[in-house]
Amino acid sequence: MVPTVSETLRVPGFKSGEISSVGLFLDADWQTPIPDTFARLKAAIEAVGLPAADKPGTVNHTGVRTGIFIFPDNHSPGTLENLLDDCAARIYPELREKVQQFTAGAATASLTREDRSEFAKPAGEIKVTMGCIANFLRPTRAIQTSIADNRWLCDESWRCQTSPSFTPSSRI
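Residues numbered from 1 in each chain as written. Predicted model: local features only at pLDDT ≥ 70, side-chain atom pairs only at ≥ 80, totals over all residues. Heavy atoms only, no water.

Caption draft 1: Region of interest: the overall build of the protein chain. Helix and strand content of the protein chain: eight helices and three strands. Reading the protein chain from its N end, one meets helices and strands in the order α-β-α-β-β-α-α-α-α-α-α. Scored against the burial criterion, the 172 residues of the protein chain give a buried share of 36%. (Helix = DSSP H or I, 4+ residues; strand = E, 2+ residues; numbered from the N terminus. Buried < 20%, exposed > 50% of the residue type's maximum accessible area, 1.4 Å probe, protein only.)

Caption draft 2: View of the layout of surface pockets. Put simply, the largest pocket is a space of about 160 Å³. Residue lining of the largest pocket: Asp27, Ala28, Trp30, Thr79, Glu118, Phe119, Lys121, Pro122, Ala123, Gly124, Lys127 and Val128, and that is the complete set. Per-element accounting of the lining of the largest pocket gives the leading share, three residues, to helix α6 (residues 124-137). A breakdown of the residues in the lining of the largest pocket according to their chemical character gives six nonpolar, two polar and four charged. (1 Å grid on protein atoms, 1.4 Å probe; cavity = no way out; pocket = protein on both sides within 12 Å on 5 of 7 lines; lining within 4 Å. Points joined across faces, edges and corners; volume = space filled by probe spheres on them. Nonpolar A, V, L, I, M, F, W, Y, C, P; charged D, E, K, R; others polar.)

Caption draft 3: View of the pattern of salt bridges. Under the counting rule described, the total for this entry stands at six salt bridges. Note that aspartate 85 is salt-bridged to arginine 96, the shortest N-O span being 2.6 Å. Of this pair, aspartate 85 sits in helix α3 (residues 80-91) while arginine 96 sits in helix α4 (residues 93-106), and the two are eleven residues apart along the sequence. Judged by relative accessible area, which is 14%, aspartate 85 ranks as buried. One salt bridge in this structure joins arginine 138 and aspartate 149, with 3.3 Å as the shortest N-O distance. With arginine 138 in the loop between α6 and α7 (143-149) and aspartate 149 in helix α7, this pair connects stretches of sequence that are eleven residues apart. Under the relative-accessibility criterion, aspartate 149 is labelled partly exposed at 44%. (Salt bridge = Lys/Arg side-chain N within 4 Å of Asp/Glu carboxyl O.)

Caption draft 4: Representation of the packing of aromatic side chains. Under the definition given, this model contains four aromatic pairs. Of the aromatic side chains, those joined through ring pairs into one cluster are Phe25, Phe69 and Phe71. (Phe/Tyr/Trp six-rings, centres within 6.5 Å; stacked < 30°, edge-to-face > 60°.)

Caption draft 5: Up close: the side chain of serine 146. Mapped onto the secondary structure, serine 146 falls in helix α7. Note on serine 146: relative accessible area 0%, which makes it buried. For serine 146, the side chain forms a polar contact with the side chain of tryptophan 152, separated by 2.7 Å. Contact partners of serine 146, with chain neighbours within four places excluded, come to Ala134, Leu137, Arg138 and Trp152. (Polar contact = N/O pair within 3.5 Å; in protein donor to acceptor, adjacent residues only side chain to side chain. Contact = heavy atoms within 4.5 Å.)

Caption draft 6: Region of interest: the sheet that holds strand β2 (residues 59-60). The three strands lie next to each other as β1-β3-β2, forming an open sheet whose pairing is mixed. Among the strands making up the open sheet, the edge pair consists of β1 (21-27) and β2. The pairing of β1 with strand β3 (residues 65-71) spans seven bridges and is parallel. By the bridge assignment for β3, phenylalanine 25 is matched with phenylalanine 69. (Pairing = 2+ DSSP bridges.)

Caption draft 7: Focus on α6. Relative to the 20 Å expected for 14 residues at 1.5 Å per residue, α6 spans 20 Å between its end C-alpha atoms, a close match to the ideal helical length. The set of residues buried in α6 consists of Gly124, Ile126, Thr129, Met130, Gly131, Ile133, Ala134 and Leu137. Among the structural elements, α3, α4 and α7 are those in contact with the buried residues of α6. (Expected span 1.5 Å × (residues − 1).)

Caption draft 8: View of the nonpolar core. Counting 18 residues, the largest nonpolar core has Leu84, Tyr92, Leu95, Met130, Ile133, Leu137 and Trp152 as its most contacted members. Of all the secondary structure elements, the ones that give two or more residues to this core are β3, α3, α4 and α6. Every residue in contact with methionine 130, bar those within four places of it in the chain, is listed here: Glu81, Leu84, Asp85, Ala88, Ile143 and Trp152. If you look at the next biggest cluster of nonpolar residues, it comprises 15 residues, including Val5, Ile19, Leu24 and Ala28. (Core = buried A, V, L, I, M, F, W, Y, C linked by side-chain atoms within 4.5 Å.)

None of the figures reported here should be taken as evidence of function without further support.
Given below as structure tokens:
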């Protein structure tokens, strides 16, 4: 993302005043501490001449609004799917339960190590589960489409207590 912003700023005729906000959203790395990830991204944002927020999950409102949100909650290792799982527990509880049962059963299928490689990763099972819910709601579409079109992030899910760092006030 940061290289894209840098390249955009160098496009002939582009007016930097046309950028009103930049938000970076990424999964927490299971091996890199979140403060280190944030510090690296903050430095990269500042290197292209944009102001950066002081901590993950906040928005800098000076000049161009910028913010960095590290899923699931700016503090814990995890992914977007951890946040979606919290929301699904509230919004789609029966569908979530049935998909978890399916995922648990499918995990016992005879598969090669290569077939199982993504599922075996730390976030593999939750990614499969949330992907199945998203595909049920919006068949053949990417999970982003389901997030935009379905109730994952509706008013009720904003009240989800397990991911309080991601709220409507976090919006860039």
